[in-house]
Amino acid sequence: MDSISMISSLIFIFCAFCFSGANSSTLGVNYVSRLLEIQERERAPSSLQLTAAYGVLNRLIPSHFSSFEFHVIPKEHCDGEFCFNISNHPGSAREGSPEILISGTTAVEILSGLHWYLKYWCGAHISWSKTGGAQLASVPYPGSLPAVQDTGIVVKRPVPWSYYQNAVTSSYTFAWWDWERWEQEIDWMALQGINLPLAFTGQEAIWQKVFKNFNISTSNLDDFFGGPAFLAWSRMGNLHRWGGPLPQSWLDQQLILQKKILARMFELGMTPVLPAFSGNVPAALKHVFPSAKISHLGNWFTVNSDPRWCCTYLLDATDPLFVEIGKAFIEQQLKEYGRSSHIYNCDTFDENTPPVDDPEYISSLGATIFEGMQSADSDAVWLMQGWLFTYDPFWRPPQMKALLHSVPLGKLIVLDLYAEVKPIWATSKQFYGTPYIWCMLHNFAGNVEMYGVLDAVGSGPVEACISDNSTMASLIVGVGMSMEGIEQNPVVYDLMAEMAFQHNPVDIKAWINLYSRRRYGRFVQPMQDAWNILYHTIYNCTDGAYDKNRDVIVSFPDVEPKSISTMQIALNDIHEQYGKRYLGRAILEEVNDSYDKPHLWYSNSDVIHALKLFLESGNQLSDSSTYRYDLIDLTRQALAKYANELFLDVIEAYKLDDLHAVSHLSQKILGLVKDMDMLLRCHDGFLLGPWIESAKKLAQDEDQERQFEWNARTQITMWFDNSEEVASLLRDYGNKYWSGLLRDYYGPRAAIYFKFLIESLEEGNGFNLRGWRREWINLTNNWQNSRDVFPVKSTGDALNVSQWLFEKYLQDLGSHDH
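Residues numbered from 1 in each chain as written. Predicted model: local features only at pLDDT ≥ 70, side-chain atom pairs only at ≥ 80, totals over all residues. Heavy atoms only, no water.

Colleague: Hey, could you run me through the state of the cysteines in this one?
Modeller: When the sulfur atoms of two cysteines share a covalent bond, that bond is a disulfide. Enumeration over the complete set of coordinates arrives at two disulfides. With its sulfur 2.3 Å from that of its partner, Cys 310 forms a disulfide with Cys 311. Judged by the sign of its S-S torsion, about -65 degrees, the bond between Cys 310 and Cys 311 is left-handed. When its relative accessible area of 15% is taken as the criterion, Cys 311 is described as buried. With its disulfide-bonded cysteines labelled consecutively along the sequence, the chain is connected as 1-2, 3-4. This cysteine, Cys 541, is not joined by any disulfide, and Cys 439 carries the nearest cysteine sulfur, 19 Å off. (Disulfide = S-S within 2.5 Å. Buried < 20%, exposed > 50% of the residue type's maximum accessible area, 1.4 Å probe, protein only.)

Colleague: Please clarify how the confidence of the model for the chain should be interpreted in this entry.
Modeller: Across the chain, the average pLDDT comes to 92, with 92% of residues at 70 or higher. Counting contacts from residues 1-25, a segment whose pLDDT is below 50, to residues more than four positions away or on other chains yields 48 contacts. (pLDDT = per-residue confidence, 0-100. Contact = heavy atoms within 4.5 Å.)

Colleague: I would appreciate a short explanation of the side chain of His 503 in the present structure.
Modeller: When you line up the elements, His 503 lands in the loop between helix H18 (490-498) and helix H19 (508-520). Taking relative accessible area as the criterion, His 503 reaches 10% and is therefore assigned buried. A polar atom in the side chain of His 503 sits 2.9 Å from the backbone oxygen of Lys 156. (Helix = DSSP H or I, 4+ residues; strand = E, 2+ residues; numbered from the N terminus. Polar contact = N/O pair within 3.5 Å; in protein donor to acceptor, adjacent residues only side chain to side chain.)

Colleague: Got a minute to help me understand the packing of aromatic side chains in this structure?
Modeller: Each aromatic ring pair is characterised by the separation of its centres together with the angle its planes make. Summed over the entire model, instances satisfying the criterion amount to 74 aromatic pairs. Here the aromatic rings of Trp 242 and Trp 309 are separated by 5.0 Å at their centres, their planes lie at 75 degrees, and the arrangement is edge-to-face. Here Trp 309 lies in the loop between strand E9 (294-296) and strand E10 (313-315) and Trp 242 lies in the loop between helix H9 (231-235) and helix H10 (248-267), a separation of 67 residues in the sequence. On the basis of relative accessible area, Trp 242 is assigned to the buried category, the value being 7%. Relative accessible area serves as the criterion here: at 13%, Trp 309 is assigned to the buried category. Among the aromatic residues, ring-to-ring pairing joins Tyr 172, Phe 230, Trp 233, Trp 242, Trp 300, Phe 301, Trp 309, Trp 710, Trp 719, Phe 720 and Tyr 733 into one connected group. Looking at Arg 181, its charged tip hangs above the ring of Trp 177, at a distance of 4.0 Å from the centre. (Phe/Tyr/Trp six-rings, centres within 6.5 Å; stacked < 30°, edge-to-face > 60°. Lys NZ or Arg CZ within 6 Å of the ring centre and 35° of its normal.)

Colleague: I tried to follow the environment of Glu 705 on my own but got confused; where do I start?
Modeller: Considering the arrangement of structural elements, one finds Glu 705 in helix H26 (residues 702-715). Overall, the relative accessible area of 23% leaves Glu 705 in the partly exposed class. Residues Glu 705 and Ser 364, spaced 341 residues apart in sequence, show a C-alpha to C-alpha distance of 45 Å. Excluding its chain neighbours within four sequence positions, the residues that come into contact with Glu 705 are Lys 696, Ala 699 and Arg 787. A polar side-chain atom of Glu 705 sits 2.8 Å from a polar atom in the side chain of Arg 787.

Colleague: Help me understand empty space enclosed by the protein in this model?
Modeller: Empty space among the atoms becomes apparent when a probe as large as a water molecule is rolled across them. Counted according to the given criterion, the structure contains 11 cavities of 30 Å³ or more. As a volume, the largest cavity reaches approximately 260 Å³. The wall of the largest cavity is formed by 18 residues, among which Gln 203, Arg 235, Met 236, Ala 276 and Ser 278 lie closest to the centre. For the lining of the largest cavity, the secondary structure elements donating two or more residues are helix H7 (203-212) and H9. Considering only enclosed or pocket space, the second largest cavity measures out at about 160 Å³ in volume. (1 Å grid on protein atoms, 1.4 Å probe; cavity = no way out; pocket = protein on both sides within 12 Å on 5 of 7 lines; lining within 4 Å. Points joined across faces, edges and corners; volume = space filled by probe spheres on them.)

Colleague: When you look at the pairing of strand E14 (residues 436-440) in this model, what are you seeing that I'm missing?
Modeller: Put simply, side chains in a regular strand alternate between the two faces of the sheet. Counting buried residues in E14 gives five out of five residues, a clear majority hidden from the surface. Side chains Tyr 436, Trp 438 and Met 440 of E14 all project onto a buried face; the interleaved residues Ile 437 and Cys 439 project onto the opposite face, where all are buried too. Sheet analysis places strand E13 (residues 412-416) next to E14, joined by three bridges and oriented parallel. Note on E14: the bridge partner recorded for Asp 416 is Trp 438. Bridge count for E14 against strand E15 (residues 476-481) is five bridges, and the pairing is parallel. Bridge pairing in E15 places Trp 438 opposite Val 479. (Pairing = 2+ DSSP bridges.)

What follows is the structure in structure tokens.
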């Protein structure tokens, strides 16, 4: 049996999970059924959807364009559910005829079926281009595609919606995208089954037109809108003007881009979610309407409460002007776009706590927010991020119920934003009777970090679907991905996207074995073994800690060195893992450090052993872009954690007044940073250049190019406001392991710290914290304003460089007897 047939046979057993399970009629779908009916009536014609679906097929695998035939079918063919059907084409025996027929209730279902077939009958894999792209080499030539069973394959969605994006993804990832990149992403969405994406691009142009009718001039808005890389937080009322003002050409081009995005989403049968008015208003509005209830909000992470960027204005939802503006905003969107899907996102209270905790007041706020939507669109439904319930202690049960019950049942849908780690549905009696979407947050700020909770992802949505707390059936109406940044950890997103079609928990061990084959296009035993280790370590984080990357290299501690705890208590134990016994170490760390310590939830020795297995597979897989990406990422991960240990060694030596050790270990870290930069240079997915060049590409003149580049550089370094001696409170929040950034910024910054350590020991004085801060902040300000050009194409041999770095730094660390 060849490898593809073997995969097909294995996955047939696996796919059996899809054909049993909960009937969606028992779920929260009942409460949104009217909206679903309206959207069904207003969906693009079948002919338009088919044209869009064939366009995706042609861009994905043009060599097989004639191998597939697509049909759009009514939901009645799927017992009233959304589904896709894969079958052998009736005329497949004739030469030149299509081989596989894929039918679906929308173009998204059709393309999900195409992906499912390529994935589980052809051993293919599809990920973002930065993470290795599509592995289609395993797909047989046209005319020899594997047949499915005679009865065909029918896969239904357990819930109608597959949601995508976070309110801040628009800035951390999408800030500089043009139509070419957006088209690729929409293709990816459709193939992953996503049918409920946020569509936030271009809204500033809409606001400009709306506020003009309220006597707010364009110049007034210069102080209101943030810069291109900070629009997400400007929209949420966290800041104003930072990185701005926005040029008119930016407003115009983004509106044109949004119309293209929406047109394509509608053509594919998607349900794009438009923004709604949250109460965030320009300062000038309080002068135009002096009697309006407008609150001056408090400081949001600026240094010294700088009024140039902080303390925005919020119009009280109980003021009559709120509904008027909310209505005007949605009407203007309908005028510009010609239609909507009737679902609108609004997060008035995301990091903006209400001034009063009286439930009646909160209920009135929620009702008025919704009235602003409904007054312009009688079929409007409010989609709200549930992040506020995760982090803000203000939202106790009475306040939470008041907000959720302020809107008629079925007219509010909550995103359980962090459900893979902290599911609110399970502790709130399913949001007190409000329909919700189970979401995986996973990534903060687009940080580059190998991390995941695969077991929770593979079972959590199913557990939500079958939940019954004895008072009501499950209220889940969708599953989704709400990461802050994309283009990382493709294994996690591959699995999460699939949960839109799974009715039973996934056997992750079996799934991972198949993933390894699909990801690289062939079976390689060491890779199977390596992924089994990664599943049990990196992708098995169960400590509940937020995974904000605080590795020393990319998030250097801005503290006095003697305040850093270096005490590590090693507990030796013998235990069994992966079928073998070995000596393990668990590190207990003090929790009273003065800086945010790096997160480590696994044995680094195990991961180094997995890396060794990756390297052993290099001769067979080095021609694979997916392999090269994973190899670099895993090498980077292991080296980053090693650097954290080296840094503690430096601090320990400093405390012992060991000048020689501090000098030696400091140089070792700085050399490691340069070596890691060389490693990251070997794959396009780890380059700084594309981020900066894509920003400059959108500029219309030299001034804009300088402004946009400053935005791009600042977001990934200092992020926000700072003084000469006080760093931004959000410094390094958007850190990245990118070639160019390590060499030109992270390395020089670390060198400054080590210089002050050495001077302290040489002169016998305490650490000059003030001097250190002035120098590294000055370095950052200069770097953000610099115009150095960085490569946009990779150079170097990933396998050779990874092997060299493994031997140089890691070979003696993976000491477990595996």
